[in-house]
Amino acid sequence: MPEETKPPAPGAAAPAAPDTPDAPPGTHAGHEPADEGIPPPPAGGPLRVLHFLYYVVLYRIETGILIALLALVVLLPLIEIVNRNSGLNLWDGMLATRLSYIFTFYTGLFGGVAATRQVRHISVDLVQPHLPPRVRHKLSGVLYLICVGAAGYLTYTAYRWVFWVITPEDRFFPSVDAWWGRDRAWKVGFIVALGWMTLHFAVAGVRRLLTEPPAGAVAPAAAGAAAAAPRAEGA
Amino acid sequence: MSSLLLLLVMFIAVLGTPLFIIFFLVTSVSYRFAETPIDLTNVFVSMGDLLDKPLLIPVPLFIFAGYLLARSKTPERMVRLAEALLGWLPGGLAVVGVCTMAFLTAFTGASGVTIVALGGLLYPVLRKRNYGDKFSIGLIAGSGSLGLLFFPSLPIFLFVTIYSLSAQGTAPIEPKDLFIGGLIPGILLVTLYSTYSIASGVRQKIETIPFRWAEVAKALRHGFGEVMLPVVIVGFLMSGVVSIAEIATVTVAYVFLLEVVIHRDIHPVKDLPRIMRESMMLVGAITVILSIILGMNTYLIDTEVPQKILEKMQVAIHSKATFLLALNVFLLVVGALMDIFSAIVAVLPLIIPLGQAFGVDPIHLGIVFLVNLEIGYLHPPVGMNLFIAQFHFRRTIGFITLSILPWLGLMFIALITVTWIEPVTLWLPSLMGRTKAIATAAPGTAEPETSNPLLDAMEHGSGAPATGAIDDDTGEIGPGGGTGTAAPGSGAPATGAIDDDTGEILPAGATAAPAPGSGAAAPPAVPKVDDDTGEVPASPK
């Protein structure tokens, strides 16, 4: 099994991106190498803190949420199967089922957040594989900045929906009086996830515009036998 | 103005902007420049509905199970077992490759994982046994989407989901119908590939491996867990202990037990979190597109876009045969440009009303649709498997394209067979007792009662009893009533169950929905599924 990728501790040498063999150029958004890895932290100052927050703290929170959600999506129905067939009636099966639907959707949404961080969204592969590496690198930077605008607007629309359209009285679980029975409580995650994606698009866009493509990168469509595009941009 | 903006959006789409952003921009422009501008928060109304529906349940679970299998030593065990069983055949190892690729692709959903997971394993073995370089690479690249039609292929679940969300006034189809319908076409593809492999083995004078029971027993002992996987899934389904929506959970639990606890191929701390995150990125990529596209679908339905396309198509296309031909050409182009998941969510809603209007059975439509997209994976210039193979085997794209040509030819033979010989897809489902879904409403004429009316009917998943169906033998309409169909443009009523005047669902044997293009509106005719029981109430009297 390939080694697990962990974000570096502040000050540590940044590792290369994980070799994720299922995302070569030309698959998802892999015109650029799917995951450029973690850049070296700046020498000091507030940028270093931001680097740590983004590449270490946020990454771990993101992965933690994703793993917790997937675990719930697997476990809730599993326990419900046992509960139903054993006749124990340990909990409200209908509530558990509805919760599993919610967690499934949010697993997808936060999977989208992870896909945005590692630039793995599905897109059309018509032009980029044929471009020279530098043009491809900069073009993707511009496109991600366009995505920042669109995703930002999407986030704002989600905010309007949750706080303007949905009223505090609307209930997701009519039988539950507590705060978590409210509609808003289950839909505020839309704003969080979409805002998070916007942030990832911004980082990916700015980073590409400020940096050069990884050394040795070639246009995938023109690549020869020994010239398949590199997977990762090292430190 | 809106046309200019849409052109701009198309331009950045071609440049490689993520599709979900593109769909959002298209939706925004459409909403803003609609005759009566629509508030964009409506996109979230459709999205919010997904929070309360089981539609997405199989997506993360089957993808996760597929990743667990691909990242464990399952490919090695499967190759060893298949080689022990088939190595004695001339070209047996190639047949092993074909079968193993098909097995694994069914679980990975042809996301490219199969080529990478098995390619590294199969290629050296094939070369060692003196198979040609071009043949070996062609086989691996060409088989990378082979298992798409087999259970529990995710594209089929997604197809059924999108079909059920988009098909207005028709009975929802069930995943099992599509899986049964895809069985013969899937076997046909594997047989064609295997036959070609055997012929190549003979031509290349490849040495065979003597059949040894001891090796079979040994390989079977190692790969027993994987071999039992389909048996376990079917067993649980047949026992009634779990529903279709829950079978994905059982699959994950079984695969987890096998690979993490029994074989210990995957370390629960070192490997599992990475695999979970990696697999969920694919889920995320699908989910965000699906969520946005729901809002766009609502707009398309509201503005009767499918009906307008149909009207234009009917000028040039008059028969089902011509429609199927045009569909094949169109989907081959789509398959070469788009990933299978985005093609299903983006293109299928436009195809469904056309298929209904030309009287194409949803199962037939589904299998033709998926076989086309299977080919799209291999189709130059931008088939995804070409790039994956190019990257993985470090060959030029020209070399990869040449190497897959024979396999592409076999796919085309299968496509022609599946498209033009309907019983290839429909015979088995009818043999298994599937009732023929005849429900058809005039596309685009239905007035949606909510943003996505069929979401309500899907409350209890695709496993809900099919409604509005006519029994092939008795001619009776099944529980819940149904809608009728008429030949496109005929205007003649057919058998069905919608009252032309009131739009209400009638008891068995009642009247029909108007034919497409007849001008009369057919109201949505989807019987409601009971929220609590998941059952469809008896026909209204």
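Residues numbered from 1 in each chain as written. Chains lettered and ligands numbered in written order. Predicted model: local features only at pLDDT ≥ 70, side-chain atom pairs only at ≥ 80, totals over all residues. Heavy atoms only, no water.

## What to know about the overall build of chain B
- Assigned secondary structure in chain B consists of 21 helices and two strands.
- Across chain B, the fraction of contacts at a sequence separation of at least 24, relative to all contacts at a separation of at least 6, is 76%. (Helix = DSSP H or I, 4+ residues; strand = E, 2+ residues; numbered from the N terminus. Contact = heavy atoms within 4.5 Å.)

## Things to note about the overall build of chain A
- When helices and strands are tallied, chain A shows four helices and zero strands.
- Mapped from its N terminus to its C terminus, chain A presents α and β elements in the order α-α-α-α.
- Within chain A, the fraction of its 235 residues that count as buried is 55%.
- Summing over all exposed atoms, chain A offers an accessible surface of approximately 9,700 Å²; the carbon and sulfur share of this is 69%. (Buried < 20%, exposed > 50% of the residue type's maximum accessible area, 1.4 Å probe, protein only. Areas by Shrake-Rupley, 256 points an atom, 1.4 Å probe, with all protein chains shown as cover.)

## Section: the confidence of the model for chain A
- Averaged over all residues, the pLDDT of chain A equals 77, while 75% of them reach at least 70.
- For the stretch residues 221-235 of chain A, pLDDT sits under 50, and the model shows 53 contacts to residues farther than four places along the chain or on other chains. (pLDDT = per-residue confidence, 0-100.)

## Regarding the interface of chain A and chain B
- The interface of chain A with chain B comprises 84 residues on the first partner and 81 residues on the second.
- Between chain A and chain B the total buried area reaches about 7,100 Å² when both faces are included, carbon and sulfur atoms providing 74% of it.
- For the interface between chain A and chain B, the tally reads four salt bridges.
- A:Glu62 is the salt-bridge partner of B:Arg277, the closest N and O atoms lying 3.0 Å from each other.
- On inspection of chain A and its partner chain B, the count reaches ten residue pairs in polar contact (both at pLDDT 80 or more). (Buried area = accessible area lost by both parts, 1.4 Å probe. Salt bridge = Lys/Arg side-chain N within 4 Å of Asp/Glu carboxyl O. Polar contact = N/O pair within 3.5 Å; in protein donor to acceptor, adjacent residues only side chain to side chain.)

## Digging into the packing of aromatic side chains
- Evaluation of the coordinates by the stated rule reveals 36 aromatic pairs over all chains.
- Judged by centre distance (5.3 Å) and plane angle (85°), the rings of A:Trp161 and A:Phe190 are edge-to-face. Within this pair, whereas A:Trp161 is found in helix H3 (residues 133-165), its partner A:Phe190 is found in helix H4 (residues 183-210), the two being separated by 29 residues in sequence.
- Here the aromatic residues A:Phe105, A:Tyr106, A:Phe110, A:Trp161, A:Phe190, A:Trp196 and B:Phe44 are joined through ring pairs into a cluster of three or more. (Phe/Tyr/Trp six-rings, centres within 6.5 Å; stacked < 30°, edge-to-face > 60°.)

## What about unusual backbone geometry?
All names here are of chain B.
- Omega for the bond connecting Phe-151 with Pro-152 falls within 30 degrees of zero, at 0°, which places this linkage in the cis form.
- Looking at the secondary structure, you find Pro-152 in the loop between helix H8 (133-142) and helix H9 (154-166).
- The phi angle at Lys-205 is positive, at roughly 50°, despite the residue not being glycine.
- Assignment of secondary structure puts Lys-205 in the loop between helix H10 (175-203) and helix H11 (213-239).

## With respect to the side chain of A:Glu62
- Its location among the elements puts A:Glu62 in helix H1 (residues 46-86).
- Reaching out from A:Glu62, the side chain makes a polar contact with the side chain of B:Arg277 at a distance of 3.0 Å.
- Setting aside its immediate chain neighbours within four residues, A:Glu62 contacts A:Val113, A:Ala114, A:Arg117, A:Trp196, A:His200 and B:Arg277.

## What to know about the packing of H3(A) against H4(A)
All names here are of chain A.
- In contact at an axis separation of 7 Å, H3 and H4 are set at 160° when each is read in the N-to-C sense. Between H3 and H4, the angle is such that the two are roughly antiparallel. In this structure, H3 meets H4 at a crossing whose hand is left-handed.
- Of the residues that constitute the contact of H3 with H4, the class distribution is 22 nonpolar, eight polar and four charged. (Axes fitted to C-alpha atoms, helices over the stretch in contact; angles between N-to-C directions. Parallel < 35°, antiparallel > 145°, perpendicular 65-115°, else oblique. Left-handed = near helix turned anticlockwise from the far one by under 90°. Nonpolar A, V, L, I, M, F, W, Y, C, P; charged D, E, K, R; others polar.)

## Remarks on the domain arrangement of chain A
Residue and element names in this part refer to chain A.
- The domain architecture assigned to chain A consists of domain 1 (41-122) and domain 2 (130-217).
- The partner domain 2 presents 21 residues to the 21 residues of domain 1 that form the contact.
- Carbon and sulfur atoms supply 79% of the area buried between domain 1 and domain 2, which totals about 1,800 Å² over both sides.
- The largest share of the area that domain 1 buries against domain 2 comes from Arg-98, Tyr-106 and Thr-116, three residues that together contribute 26% of it. (Domains from an automatic or database assignment.)

## What about the pattern of salt bridges?
All names here are of chain B.
- Tallied over the full model, the rule gives 20 salt bridges over all chains.
- A salt bridge links Arg-395 to Asp-133; the shortest N-O distance between them is 3.1 Å. Taken as a pair, Arg-395 in the loop between helix H18 (384-393) and helix H19 (397-420) and Asp-133 in helix H8 lie far apart in primary sequence, 262 residues in all.
- The salt bridge involving Asp-271 is made with Arg-274; its shortest N-O contact spans 3.9 Å.
- With relative accessibility at 8%, the residue Asp-271 sits in the buried group.

## Section: the packing of H1(A) against helix H2 (residues 93-117) of chain A
Residue and element names in this part refer to chain A.
- H2 packs onto H1 with a crossing angle of 150° between their chain directions and a minimal axis gap of 8 Å. Regarding the angle of H1 to H2, the classification is roughly antiparallel. As for how H1 packs across H2, the hand of that crossing is left-handed.
- Across the contact of H1 with H2, the residue classes break down as 19 nonpolar, six polar and three charged.

## Quick look at helix H17 (residues 362-376) of chain B
All names here are of chain B.
- Between its terminal C-alpha atoms H17 stretches 21 Å, which fits the 21 Å expected from 15 residues at 1.5 Å a residue.
- By the criterion of burial, H17 is predominantly enclosed, with 15 of the 15 residues buried.
- Capping the start of H17 is the job of one residue whose side-chain oxygen sits 2.8 Å from the backbone nitrogen of Ile-363: Asp-361. (Expected span 1.5 Å × (residues − 1).)

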